[in-house]
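So the chains spell out like this:
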Amino acid sequence: MSFDEMRREDGSIRAPYLEVANWLESVTSAQLERRRAEAELFYRRGGITFAVYGDAQGEERIIPYDIIPRILSAGEWARLKAGLEQRIRTLNLYLADIYGPREILKAGIVPADLVWRNPAYRPEMAGLAVPHGIYIHIAGIDIVRVDGDDFYVL
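Residues numbered from 1 in each chain as written. Predicted model: local features only at pLDDT ≥ 70, side-chain atom pairs only at ≥ 80, totals over all residues. Heavy atoms only, no water.

Draft legend 1. Region of the structure containing the nonpolar core. If you look at the biggest cluster of nonpolar residues, it comprises ten residues: Ile98, Tyr99, Ile104, Leu105, Val110, Val115, Tyr121, Val130, Tyr135 and Ile136. In contact with Ile104, not counting residues within four places along its chain, are Tyr94, Asp97, Ile98, Ile109 and Val110. By size, the runner-up hydrophobic cluster in this structure holds five residues, among which are Ile13, Tyr17, Val20 and Ala21. (Core = buried A, V, L, I, M, F, W, Y, C linked by side-chain atoms within 4.5 Å. Buried < 20%, exposed > 50% of the residue type's maximum accessible area, 1.4 Å probe, protein only. Contact = heavy atoms within 4.5 Å.)

Below you can see the structure in the form of structure tokens.
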């Protein structure tokens, strides 16, 4: 079973979605389809695509999206924001260690082979101090809502 972002179990509209629900009542399915097609064209032209590893056809697919946006309440965003900021801080600290003292490798927490053989590892970055310790300036983090209160951050 999946969580309905817009409606409560009784069918009423959740507060963050009231304006979207009103808008949806004013548009036709043909208008929605046209907007979806426009968005898909925008994604394709902009290269917002991915390939599935191991797919023999190697077809580029657009990033999955929903024409209806996810809307979060201020309280939901505050919870997510704290977790997302923690995730980015952790990733930056991980990279600082990998390109710095390598304590995580010395402790055997991450096998060194996984780092050295990774095509994204840049040996020329070893020992380089980056401004403000920020290695990750932009991050795409997937968020999955599992119920009215809980989210998974992938």
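More follows now that the structure is in view.
Draft legend 2. Molecular detail of a nonpolar patch on the surface. Where nonpolar side chains cluster on the molecular surface, the patch consists of Phe42, Ile48, Phe50, Val52 and Ile63 and spans about 390 Å² of accessible area. By the element assignment, Ile63 lies in the loop between β2 (60–62) and α3 (74–98). (Patch = residues over 30% accessible without salt bridge, like charges linked within 9 Å, V, L, I, M, F, W, Y side chains within 5 Å. Areas by Shrake-Rupley, 256 points an atom, 1.4 Å probe, with all protein chains shown as cover. Salt bridge = Lys/Arg side-chain N within 4 Å of Asp/Glu carboxyl O. Helix = DSSP H or I, 4+ residues; strand = E, 2+ residues; numbered from the N terminus.)

Draft legend 3. Molecular detail of unusual backbone geometry. A positive phi angle is found at Arg102, which is not glycine, with a value near 60°. Inspection of the secondary structure assignment puts Arg102 in the loop between α3 and α4 (103–106). With relative accessibility at 25%, the residue Arg102 sits in the partly exposed group. The backbone phi angle of His132 is positive, close to 60°, even though this residue is not glycine. Turning to its location among the elements, His132 is positioned in the loop between α5 (112–116) and β3 (143–145).

Draft legend 4. Region of the structure containing the confidence of the model for the chain. The predicted model of the chain has a mean per-residue pLDDT of 89, with 96% of residues at 70 or higher. Within the chain, the lowest mean pLDDT, 77, falls on strand β1 (residues 49–51), and the highest, 97, falls on α4. (pLDDT = per-residue confidence, 0-100.)

Draft legend 5. How the structure looks around the environment of Phe50. Turning to its location among the elements, Phe50 is positioned in strand β1. Between the C-alpha atom of Phe50 and that of Ile13, which follows or precedes it by 37 residues, the distance is 34 Å. Once residues lying within four places of it in the same chain are set aside, the contact partners of Phe50 are Glu59, Glu60, Arg61, Ile62, Ile63 and Pro64.

Draft legend 6. Structural view of the pattern of salt bridges. Scanning all chains against the criterion turns up twelve salt bridges. Glu5 is paired through a salt bridge with Arg70; the nearest N and O atoms lie 3.2 Å apart. Separated by 65 residues along the polypeptide, Glu5 in the segment before α1 (18–26) and Arg70 in the loop between β2 and α3 bring together distant segments of the chain. Salt-bridge contacts for Asp113 lead to Arg117; the nearest nitrogen and oxygen are separated by 3.0 Å. Overall, the relative accessible area of 43% leaves Asp113 in the partly exposed class. Arg117 gets classed as exposed once you look at its relative accessible area, which sits at 67%. A cluster of three or more residues bridged by salt bridges with shared partners is formed by Glu5, Arg14, Arg70, Glu76 and Arg145.

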